[in-house]
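One-letter residues, chain by chain:
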Amino acid sequence: MRDSKRLVYWIRRLSEIAMLGWLGMMLMLDLVLAAVIGGFQWLVPICGACGIAAVVLRRKHRLNGFGIMLALSFGISLTIGGGGFDGSPGMAETGSLLILTIGVLRHVEPVRRAAVLACVGLVVLMTEGIARDYQSAGLALSFVLFAGWSMAAGIGGYLRFQQERRVEAVHSVRRAERLELARELHDLVAHYITGIVVQAQAARTVAETRPDAVAPALDAIATAGSEALTSMRRMVAVLRTEDDAARKPGTTLGDLRLLTDRFSADGPKVAFEIGQGLDDRTLPPEVMTTLHRVLQESLTNVRKHASRSAWVEADLRRHEKVVVLRVRNFGSSASDPRVARLGGGFGLVGMAERVEALGGRLYAGPSREGAWEVVAEFPLPQAGPSQPNL
């Protein structure tokens, strides 16, 4: 995976260098043409040099660079055409405008603003072709410029469409994960509230015969209420849809081990280790369910994208105030470039949404040993008063 990202990085760098090289060659041709025509034609290579600078700085100053280029090109066209001087469209100038048009259509928000700017670019290009009517070739030059703009607009629109699809898919995954988490947290809060009611009823029953047991019972009720409020805060801004599917609050460490055993039966062998100081009472139920989901998604990704892995290593350990789940697969061959593309899959988006909702962090990427790993870190709650024996 590391080699794949490095390859993508160098392809982008080389593409950028090649693009700037072509613009530089066009600028040299503009200088030659300016020497032949003379007069105000010398403004054209100056505009082309500004266009190359705008292309280089387009990621930081996209709108400013595009606006300056539109103004410069339009002003030069009016100067040459209005004064009746000889002039010709600049190749570096035109190439820069077309490249900037692609970027505007792809990145500028909202899309209506991007479309308006692209149309303004078309007007500027058409003015360039008509006003700089060198040797009565204005009509032919305008047709060539329109064809170039059409190609640039098509490329920019297609890239914008793909980007919008990607963003919408990510938002859909996040909404689904939030709704799923809301359902689980709803059940967890109901679980806490049930415990509070039971303890309150028990405290009331023994209040007359064992008054000394009431104070510890109230402490336990306060602790359970605080935990319930913590879970409810995590549901803020998350809509819950009705679903009749049966659910249980949380899961157990035994379920995590069972998950790895089932995966080992028909896939790469999984070595799963649970560190000291962890049991079913150590972790909150919502953390247990999320750990189960992260482990399940990680193993599923191994089966999909690294089925030739020699083995998978998974461990759950406690480090002071956090618990960390780490899943690593070793010995896999080069991954399929169709699934190892930059940006990863949507499963990672869903896992990150769950982990971050619980105040944790998620990392997925190559490890120092060359393996692919998924690391999920969750904060542990502070220990509260123990529940009395009523």
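By convention here, each chain's residues receive numbers from 1 onward along its written sequence. Since the coordinates come from a predicted model, pLDDT governs what is reported: local features require at least 70, and pairs of side-chain atoms require 80 or more to be given and counted, while whole-chain, interface and lining totals use all residues. Side-chain descriptors were evaluated using all non-hydrogen atoms of the structure, hydrogens and water having been removed beforehand.

## What about the confidence of the model for the protein chain?
For any part of a model where pLDDT is low, the fine detail of the predicted coordinates should not be relied upon. Note the following rule: Known as pLDDT, the predictor's confidence for each residue is given on a scale from 0 to 100. We call two residues in contact whenever any of their non-hydrogen atoms come within 4.5 Å of each other.
For the protein chain, per-residue confidence averages 79 on the pLDDT scale, and residues scoring 70 or more make up 79% of the total. Low pLDDT (under 50) marks residues 333–344, which in the prediction has twelve contacts with non-local residues, meaning those over four places away or in another chain. Contacts from residues 384–390, a stretch scored under 50 in pLDDT, to residues over four places away or in other chains number 15 contacts.

## Things to note about the sheet that holds strand 5 (residues 372–379)
Rules: The pairing criterion for strands is at least two bridges between them, as found by DSSP. Each helix corresponds to a stretch of at least 4 residues labelled H or I by DSSP, and each strand to a stretch of at least 2 residues labelled E; elements are numbered beginning at the N terminus. Note on method: axes are straight lines fitted to C-alpha atoms, helices fitted across the in-contact stretch only, with angles between N-to-C directions ranging 0 to 180 degrees.
The strand order 1-2-3-5-4 describes an open sheet built from five strands, whose pairing is mixed. In this open sheet, the two strands that pair with only one neighbour each are strand 1 (269–274) and strand 4 (361–366). Each strand of the sheet is rotated relative to its neighbour by a mean of 10°, with strand direction disregarded. Relative to strand 5, strand 4 is paired through six bridges, and the arrangement is antiparallel. Within strand 5, the position partnered with Leu 362 by the bridge is Ala 376. This element, helix 8 (residues 253–265), spans strand 1 and strand 2 (311–319) of the sheet and lies at about 165° to strand 1. Strand contacts of helix 9 (residues 285–305): strand 1, strand 2, strand 3 (322–330) and strand 5, with the helix running at about 10° to strand 3, the strand carrying the most contacts.

## Notes on the packing of aromatic side chains
Stated precisely, the cut-off is as follows: Stacked, tilted and edge-to-face are the three classes assigned to paired rings of Phe, Tyr and Trp, where Trp is represented by its six-membered ring and a pair needs centres within 6.5 Å; plane angles under 30 degrees give stacked, over 60 edge-to-face, the rest tilted. For every residue, the accessible area (1.4 Å probe, protein chains only) is compared with the maximum for its type, and the residue is labelled buried under 20%, exposed over 50%, or partly exposed between those bounds.
This structure, assessed with the given rule, holds two aromatic pairs. Judged by centre distance (4.7 Å) and plane angle (50°), the ring pair of Phe 40 and Phe 85 falls under tilted. Placement of the pair is Phe 40 in the loop between helix 1 (2–37) and helix 2 (43–56) and Phe 85 in the loop between helix 3 (62–82) and helix 4 (91–107), with a sequence separation of 45 residues. Phe 40 gets classed as partly exposed once you look at its relative accessible area, which sits at 34%.

## A word on the pairing of strand 5
Two elements, strand 3 and strand 5, share eight bridges in a ladder whose sense is antiparallel. Within strand 5, the position partnered with Val 322 by the bridge is Pro 379. Connecting strand 4 to the next strand, strand 5, in antiparallel fashion are five residues, including Gly 370 with a positive phi near 95°.

## Things to note about the pattern of salt bridges
Any two side chains of opposite charge can pair, given that their charged atoms come close. Inclusion rule: Salt bridges are identified by distance alone: a Lys or Arg side-chain nitrogen within 4 Å of an Asp or Glu carboxyl oxygen.
Under the definition given, this model contains eleven salt bridges. With a closest N to O distance of 3.9 Å, Glu 128 and Arg 132 form a salt bridge. Here the two residues Glu 128 and Arg 132 agree in accessibility, since each one is buried. A salt bridge links Arg 361 to Glu 377, with the shortest nitrogen-to-oxygen separation between them at 3.0 Å. Remark: Glu 377 occurs in strand 5 and Arg 361 occurs in strand 4; sequence separation between them is 16 residues. One connected set of salt bridges, linked through shared partners, spans Glu 16, Arg 58 and Arg 59.

## As for unusual backbone geometry
In this model, Glu 109 is joined to Pro 110 through a cis peptide bond whose omega is -10°. Inspection of the secondary structure assignment puts Pro 110 in the loop between helix 4 and helix 5 (111–131).

## With respect to the packing of helix 3 against helix 4
Condition: Note that the term roughly parallel is reserved for angles under 35 degrees, roughly antiparallel for angles over 145, roughly perpendicular for angles of 65 to 115, and oblique for everything else. Working rule for handedness: look at the near helix, and if it is turned counterclockwise from the far one by less than a right angle, call the crossing left-handed; if clockwise, right-handed. In this classification, Asp, Glu, Lys and Arg are treated as charged, Ala, Val, Leu, Ile, Met, Phe, Trp, Tyr, Cys and Pro as nonpolar, and every other residue, Gly included, as polar.
As a packed pair, helix 3 and helix 4 sit with axes 10 Å apart at the nearest point and diverge in direction by 140°. By the angle class used here, helix 3 and helix 4 are oblique. As for how helix 3 packs across helix 4, the hand of that crossing is left-handed. Contact residues: helix 3 offers Arg 62, Gly 65, Phe 66, Met 69, Leu 70 and Ser 73, while helix 4 offers Glu 93, Leu 97, Leu 100, Thr 101, Gly 103, Val 104 and His 107. Class assignment of the residues belonging to the contact of helix 3 with helix 4 gives a composition of six nonpolar, five polar and two charged.

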